[in-house]
Amino acid sequence: MVGDVLTLKLLRDIRGHWAQYVAVALVVLLGTATFISFQVAHHSLLRTRDQYYAEYSFADFFIHIERAPRAALHEVRAVEGVWRARGRIVKEVPVDVENGDEAIVGRFVSMPRRRNRLVNDIHLVTGSYFPGAAAEEVIVNHSFAEAHGLQVGDTFEATIKEGKQTLRIVGTAMSPEYVYAIRGAEQFAPDPASFAVIFATERFVEDAFEMTNAFNDVVGILRPGARAESVLRRAEARLDPYGVFHSYGREDQLSHSFLEIELEALETSSYVVPMVFLIVAAVVVHVIVHRIVEMQRTQIGLLCALGYSKWQVVRHYAAYALGAGLAGVVPGTLVGLWFAQLLMIEYERWFQFPVLRVHFDPWPVLLAVGLGCGMCILGAVRSSWEVMKLEPAVAIRPQSPQKGRIVHFSAFRFLWERLPLTWRISVRNSLRARARSLFSIFGVAVSMVMLVMATQVTGWFDWIVDYQYRQVDRSDCRVELVAETSPAAALDVAGMPGVRRAEGIFQFGAELRNEWRTKDVAITGFPPDSRLYHVHDMEGRRVRMPPDGLLIPRRLADELNLRPGDVVMMDPYVRDKDERPTRVRGVVEEYLGLNVYADRRYLARTLGVGPTINGLMLQADEGALEPLVSRLSEMPNVSAVTTTRAMLENFVESVADLINVSVFLQTIAAAVIAFAVIYNTASVSISEQERDLACLCSLGYDRGDVARIATNDIMPLGLIGVIVGAPLAYLATLGLARAFETDVFKLPAIFSPEHYFLAAAQALIFLLISRWVSRRRVHRIDIVRRLKTLE
Amino acid sequence: MTQAQDKQVLYTAHDLSKSYPMGEVRVHALRGANLEVYEGELMVILGPSGCGKSTLLNLIGGMDSPTSGTIKLRETEIAHFNERRLTTYRRKHVGFIFQFFNLIPTLTARENVEVATQVCDDPLPVDEMLEMVGLLDRADHFPAQLSGGEQQRVAIARAVAKNPEVILGDEPTGALDYETGKLVLQVLKRVHEESHKTVVIVTHNVAIAEMGDRVVRLRSGDIQEIKVNESPSDPEDLAW
């Protein structure tokens, strides 16, 4: 019975503060929903990935070589720690699809006729695994087929050895190797229309590329407990006679590493973002319960006098907070699971899994319930604990009036004396309730940080697109050549119709080593006076290619501990070329990819070859690009043609939607936080001032004036919050940029005042709305009752 | 001061009733009261707790509207003013003194008086008012630094400083001890004499009634008696 009466009181208290209650519940809801959605998405992605990898035997190590006889595979299998290994032929060619006008690169991957415990097996989505005897039967990656509307039975063409070869699709598939199907790290976002993975029979690929009984790629699985590093070292030594270009473990595999970055980001976000919400919720609960305890002081004294234990009373207020927690956690869980579903749908656009569905796991939900309710109770216990310190006889007496605090404004006396009295009330109130004022500032600052970060993402996006594709890479398309050739080829291409400018480039992969520090990089040699690719130093000035050394990005310089003038060892992934010393000549800025730049003549000299190029950069006349791409694709010795514009458009398309949604959600979250904090602190402040406000009414101030006086402090405190929030937002964006910096890309530390003005304007709008809602409370004050009674 | 016919009528309340819901029942706080308040008089409304005296005061003061009946300030009907007009009425014509002083804790004594004068058309000098209640030397103190009696004297200064037609005191000594209560009444009496303002005091204390020019007795929402006091006592001589 005793419990029932207190429960009844609890429910009535909640009804009396329902709007504040809803505001807290909303913040808890957001915290819970983000926690659950990110956790569930992370867990689902991880579980799907692991199942996929296990089921389709995704390799633990990868070795790219020039060409080795099939017998050499035994050498790899014999290495201690290798469980299974498969030799494949991987080759890239230009591809043509009917009615397709963009440049497409096709990557052939040879597959055995018999599919028995295959390392890097494929998952057939449609069709079947090489059902006929015809050589030209191929299976393509499902996303490529979807992008071009290709189905089983359709054909497309690949340019192999100067001739067009028609290929017939017998199946569409997914591969654990191409979950994030990008061709190279510089591509950043998958573009299924321009990159095809073509799984073809060994026989066909061997014939097509004159690789009979040979392979140029090894994928393998390690025995339990074996370390990839030592296995690779030994395998490389054994394959050395066949020209090892590059070898790496699973963690450096392109698709896997991108997926890993996403998983890490998701996991980090799943803790950081909800904690911000839940901390805000805890403090809001604290502010509300503190006020309720203050107002119900005599009731508390009475309950104690009636024989309730203090613990029962504290539990009563904790239950009030628990109610707020549950009111947020329950819908938050449902919204979180729904968000997780939406996230999965979004991830399906980026990651190719046979089945990507939400794996429901009870523990994130339990943790969310615990965290959401726990933070609210924590906020309440701190306030209601004060009750424990009171003797019933003291509690039952009305609280003595707050000690007046003379605010010494001597330094500002001039201003102070000119401040209207109604403002003096607000200033003194804010100074008296300092903790609450600080919390208001904190809430608005958090909101400001979220708003700046939301717009910052758009800023980063625009900035990188502009920097990478307008300032750095000024070419319209790139051509990769099958074999190295003389720089004169560039002149031939420059003479083709529609070509405004052509520059030959020389690029290869290499390992750079400074003592024990090593890093795999892509090295590109440009003509010294390249007009199509501008490299910039850390101050943003254009840098010319040095005649006798390398330009390395700052991230690489840091990682390898290199400075201009240092000698660095370069081990090129080029056949018969051993490690050799080179010199760092400059450190440059680089946001996408991890590229090392040099004068192509210097690179040729360093490798001990004559003037040579293995790729071209082109600038085309207006409207001449499309025919030029198809002509180039048909040329002998061309392995791939990629257009910068296609890459740019794909990049913009794939990211823009995602960014818009994230900006929208962040803005909503920032609004909820600002509203919950401001509305609740204002409500508590109005509740404390009710008698003063009623008194002003009795003096002849109208309700509008009184409402203004009651909420005077919202805008100045909010403004301080915005001002405090701005540098915090800057630090947070720097931190975020640093946190998301990977080998593949870096976010610029840009400061765009317009983002801050926009965020400040949004924050001020939230404040105005909160103020408007808070003012309505003033109109509900019962003047006569407030003036007649003591609190 | 004692002959009704010599006096100008300031307020006329006719058949004034006020009832309000309390839970599921309706409480009749005032039942058809008829009353005239004269200019410059000190009227005491006397009655036990819950008899409707504060309700009557609030209706005169424009803090509340009657359920039925009329109240006129001279020729102007104020009973059914809307919120905006009631505010203007309180601003221009009424000075309140409450039982619990109701000073704004974040303003000093002087500022508490100023906050009232700032919305008036023709206020009296703030420092003169503080001097009149004997608190000019404590003008820069906050309410929490003043005793109860001092706070109530600031409240009196605040009410007078507005230069209103009427000063309404709702149990002005209710929260004060005997000595302080008497002191506050003396101040009130002096203010009344010096400013020639109409003062209406509501109290349950029979002794206080002796200082009024007229005493209105209320019981259960009805005016039982209006007694003219031929020789009002000085608060100094009151005892309870």
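Predicted model, so just to flag it, every value in this text is computed and none were measured.

### Details of the overall build of chain B
Inference 1: Across its full length, chain B carries 6 helices and 10 strands.
Inference 2: Computed over C-alpha atoms, the radius of gyration of chain B comes to 17 Å, within 12% of the 18 Å expected from 2.2 N^0.38 for 240 residues, which places it in the range of a compact globule.
Inference 3: The principal-axis extent of the C-alpha atoms belonging to chain B is close to 45 × 40 × 40 Å.
Inference 4: Going through the 240 residues of chain B one by one, you find that 55% of them count as buried.
Inference 5: In chain B, the proportion of contacts linking residues at least 24 apart, taken out of those at least 6 apart, comes to 72%.
Inference 6: If you sum the accessible surface of chain B, you get close to 9,900 Å²; carbon and sulfur atoms cover 45% of it.
Inference 7: Each charge class in chain B can be summarised by its mean position, and for the 25 positive and 35 negative side chains these summaries are 5 Å apart.

### Thoughts on the overall build of chain A
Inference 1: Across its full length, chain A carries 23 helices and 22 strands.
Inference 2: C-alpha atoms of chain A, sized along the principal axes, occupy 100 × 60 × 50 Å.
Inference 3: Residue burial in chain A is summarised as follows: out of 791 residues, 56% are buried.
Inference 4: A separation of at least 24 residues holds for 82% of the contacts in chain A among residues at least 6 apart in sequence.
Inference 5: Carbon and sulfur atoms make up 57% of the accessible area of chain A, which totals about 34,000 Å².
Inference 6: When the 84 positive and 87 negative side-chain charges of chain A are each reduced to one mean point, those points stand 11 Å apart.

### Quick notes on the packing of aromatic side chains
Residues and elements named next belong to chain A.
Inference 1: Evaluation of the coordinates by the stated rule reveals 29 aromatic pairs over all chains.
Inference 2: A centroid spacing of 4.7 Å and a plane angle of 15° characterise the contact between Phe526 and Tyr533, whose relative ring orientation is stacked. When sorted by exposure, Phe526 lands in the same class as Tyr533, which is buried.
Inference 3: Through successive ring pairs, a cluster of aromatic residues spans Tyr53, Phe58, Phe62 and Tyr248.
Inference 4: Here Arg84 stacks its cationic end above the ring of Trp83, 5.2 Å away from the centre of that ring.

### Details of the domain arrangement of chain A
Inference 1: Each assigned domain of chain A is listed here: domain 1 (1-59 + 258-400), domain 2 (62-257), domain 3 (431-471 + 655-791) and domain 4 (472-651).
Inference 2: Spacing between the C-alpha centres of domain 2 of chain A and domain 3 of chain A amounts to 53 Å.

### Digging into the nonpolar core
Inference 1: In terms of nonpolar packing, the biggest core is built from 64 residues, with Val24 and Tyr320 of chain A touching the most fellow members.
Inference 2: Per-element tally for this core: the top contributor is helix 7 (residues 254-295) of chain A, with 12 residues.
Inference 3: Of the domains in this structure, domain 1 (1-59 + 258-400) and domain 3 (431-471 + 655-791) of chain A are the two that each give at least three residues to this core.
Inference 4: Filtering out sequence-adjacent residues up to four positions away, Tyr320 of chain A remains in contact with Leu10, Asp13, Ile14, His17, Tyr21, Ile288, Val289 and Ile292 of chain A.
Inference 5: Residues Leu693 and Ala710 of chain A together with Ile78 and Val119 of chain B belong to the second largest nonpolar core, which totals 55 residues.

### Looking at the packing of helix 2 (residues 18-55) of chain A against helix 7 of chain A
Residue and element names in this part refer to chain A.
Inference 1: Between helix 2 and helix 7, whose axes approach to 9 Å, the crossing angle comes to 160°. Comparing the axis directions of helix 2 and helix 7 gives the class roughly antiparallel. Every pair of crossing elements has a handedness; the one defined by helix 2 and helix 7 is left-handed.
Inference 2: Among the residues making up the contact of helix 2 with helix 7, the classes are represented as 23 nonpolar, 8 polar and 3 charged.

### What to know about the environment of Ala155 of chain B
Residue and element names in this part refer to chain B.
Inference 1: Mapped onto the secondary structure, Ala155 falls in helix 5 (residues 148-161).
Inference 2: For the pair Ala155 and Val113, spaced 42 residues apart in sequence, the C-alpha to C-alpha distance is 7.7 Å.
Inference 3: Excluding anything up to four places from it in sequence, Ala155 contacts Phe96, Ile97, Phe101 and Leu103.

### What about the interface of chain B and chain A?
Inference 1: Of the residues lining the interface, 31 residues belong to chain B; the matching set on chain A comes to 30 residues.
Inference 2: One salt bridge in this structure joins Arg703 of chain A and Glu83 of chain B, with 3.4 Å as the shortest N-O distance.
Inference 3: Put simply, chain B and chain A have 10 residue pairs in polar contact (both at pLDDT 80 or more) between them.
Inference 4: In the side of chain B that touches chain A, the residues fall into 13 nonpolar, 9 polar and 9 charged.

### Here we look at a nonpolar patch on the surface
Residues and elements named next belong to chain A.
Inference 1: Together, Tyr271, Val272, Val276, Trp363 and Leu367 line one region of the surface with nonpolar side chains, adding up to about 420 Å² of accessible area.
Inference 2: Looking at the nonpolar patch, the elements with two or more residues in it are helix 7 and helix 10 (362-388).
Inference 3: Residue contributions to the nonpolar patch peak at 3 residues, all from helix 7.

### With respect to the sheet that holds strand 11 (residues 244-249) of chain A
Residue and element names in this part refer to chain A.
Inference 1: Strand order across the open sheet formed by 4 strands is 2-10-1-11, with antiparallel pairing between neighbours. Whereas interior strands pair on both sides, the edge strands pair on one side only; in this sheet they are strand 2 (82-88) and strand 11. Across this sheet, the average inter-strand angle for adjacent strands is 25°, counted without regard to direction.
Inference 2: Of the strand pairs in this sheet, strand 1 (residues 61-69) and strand 11 are connected by 5 bridges, and their pairing is antiparallel. Among the inter-strand pairings, Ile63 is bridged to a residue of strand 11, identified as Ser247.

### So, the pairing of strand 4 (residues 104-111) of chain A
Residues and elements named next belong to chain A.
Inference 1: Judged by how many residues are buried, strand 4 sits mostly within the fold: 8 of 8 residues are covered.
Inference 2: By the alternation rule, side chains of strand 4 split into Ile104, Gly106, Phe108 and Ser110 and Val105, Arg107, Val109 and Met111, which are all buried.
Inference 3: Pairing between strand 4 and strand 9 (residues 195-201): 7 bridges, direction parallel. Residue Val105 lies in a different strand from strand 9, and its bridge partner there is Phe195.

### So, the pattern of salt bridges
Residue and element names in this part refer to chain B.
Inference 1: If you walk through the whole model with that rule in mind, you get 46 salt bridges over all chains.
Inference 2: Residue Glu39 is joined to Arg74 by a salt bridge in which the shortest nitrogen-to-oxygen separation is 3.0 Å. Highlighted residues: Glu39 in the loop between strand 2 (25-38) and strand 3 (42-46) and Arg74 in the loop between strand 4 (68-73) and strand 5 (76-77), separated in sequence by 35 residues.
Inference 3: Assessed through its relative accessible area of 30%, Glu39 is described here as partly exposed.

### What about the pairing of strand 13 (residues 499-514) of chain A?
Consecutive side chains along a regular strand alternate between the two faces of the sheet.
Residues and elements named next belong to chain A.
Inference 1: For strand 13 and strand 21 (residues 613-620), the ladder comprises 6 bridges, and the chain directions are antiparallel. Residue Ala502 lies in a different strand from strand 21, and its bridge partner there is Leu618.
Inference 2: Here 9 bridges tie strand 13 to strand 14 (residues 517-526), and the two strands are oriented antiparallel to one another. Bridging across to strand 14, Ala510 finds its partner in Val521.
Inference 3: Once strand 13 ends, the chain turns through 2 residues before running back antiparallel as strand 14, passing Glu515 with a positive phi of about 55°.
Inference 4: Note that strand 13 and strand 18 (residues 567-572) share 4 bridges and pair antiparallel. Bridging across to strand 18, Leu512 finds its partner in Met570.

### Describing the environment of Ile464 of chain A
Inference 1: Position of Ile464 of chain A relative to the elements: it lies in helix 14 (residues 434-472).
Inference 2: Residue contacts for Ile464 of chain A: discarding those within four places in its chain leaves Tyr469, Leu592, Lys746, Leu747 and Pro748 of chain A.

### Observations concerning the sheet that holds strand 6 (residues 94-97) of chain B
Residues and elements named next belong to chain B.
Inference 1: Spatially, 6-7-8-3-9-10 is the arrangement adopted by the 6 strands of the open sheet, whose pairing is mixed. If you trace the sheet from one side to the other, it starts and ends with strand 6 and strand 10 (222-228), each paired once. On average, each strand axis in the sheet is tilted by 15° relative to the strand beside it, whichever way the strands run.
Inference 2: Note that strand 3 and strand 9 (residues 214-219) share 4 bridges and pair parallel. Of the residues in strand 9, the one forming a bridge with Leu46 is Arg217.

### Examining helix 2 of chain A
Counting along an α-helix, one turn takes 3.6 residues, and residues three or four places apart therefore face a common direction.
Inference 1: With 38 residues, helix 2 of chain A should cover 56 Å at 1.5 Å per step; its first-to-last C-alpha distance of 53 Å lies within 8% of that length.
Inference 2: Of all 38 residues in helix 2 of chain A, 28 are buried, a share of seventy percent or more.

The rules behind each value
For every chain, the first residue of its written sequence is number 1, and the numbers climb from 1 along that sequence. Both sets of labels track the order of writing: A upward for chains, 1 upward for ligands. Reporting of local features is limited, given that this is a predicted model, to residues whose pLDDT is at least 70; pairs of side-chain atoms are given and counted only at 80 or more, and all residues count toward the totals for whole chains, interfaces and linings. Remark: hydrogens and water are excluded; side-chain values derive from all non-hydrogen atoms of the structure. Counting from the N terminus, the helices are DSSP H or I runs at least four residues long and the strands are E runs at least two residues long. Radius of gyration means the value over C-alpha atoms here, while the globule rule gives 2.2 Å times the residue count to the 0.38 power. A simple rule labels every residue: compare its accessible area, found with a 1.4 Å probe on the protein chains alone, to the largest value its type can have, and call it buried under 20%, exposed over 50%, or partly exposed in between. Residues are treated as being in contact if the distance between any of their heavy atoms lies within 4.5 Å. All accessibility values rest on the Shrake-Rupley procedure with a 1.4 Å probe; residue burial counts only the protein chains present in the view. Positive charges are assigned to Lys and Arg, negative charges to Asp and Glu, while His and the chain termini are left out of the count. Just so you know, the charge point we use is NZ for Lys, CZ for Arg, CG for Asp and CD for Glu. Two rings from Phe, Tyr or Trp (for Trp, the six-membered ring) form a pair when their centres sit within 6.5 Å of each other. Planes less than 30 degrees apart are called stacked, planes more than 60 degrees apart edge-to-face, and all others tilted. Both a distance and an angle decide whether a charge sits over a ring: NZ of Lys or CZ of Arg must be within 6 Å of the ring centre and within 35 degrees of the ring normal. Where each domain starts and ends follows an automatic or database-derived domain assignment. The criterion is simple. A nonpolar core is a set of buried Ala, Val, Leu, Ile, Met, Phe, Trp, Tyr and Cys residues joined through side-chain atoms within 4.5 Å. Angles here are taken between N-to-C directions and fall from 0 to 180 degrees, while the axes themselves are lines fitted to C-alpha atoms, restricted in helices to the stretch in contact. An angle counts as roughly parallel when it lies under 35 degrees, as roughly antiparallel when it exceeds 145, as roughly perpendicular when it falls between 65 and 115, and as oblique in every other case. Each crossing is labelled by how the near helix is turned from the far one, with a counterclockwise turn of less than a right angle marking it left-handed and a clockwise turn marking it right-handed. Ten residues, namely Ala, Val, Leu, Ile, Met, Phe, Trp, Tyr, Cys and Pro, are considered nonpolar, four, namely Asp, Glu, Lys and Arg, are considered charged, and the remaining ones, Gly among them, are considered polar. By convention in these notes, a salt bridge is any Lys or Arg side-chain nitrogen within 4 Å of a carboxyl oxygen on Asp or Glu. Under this definition, polar contacts are N or O atom pairs within 3.5 Å; protein pairs additionally need one hydrogen-donor-capable and one acceptor-capable atom, and for neighbouring residues in sequence, both atoms have to be side-chain atoms. Like charges within 9 Å and nonpolar side chains (Val, Leu, Ile, Met, Phe, Trp, Tyr) within 5 Å are joined into patches, using only residues over 30% in relative accessible area that form no salt bridge. Between any two strands, pairing holds if DSSP finds at least two bridges. Working rule for helices: expected span equals 1.5 Å times residues minus one.

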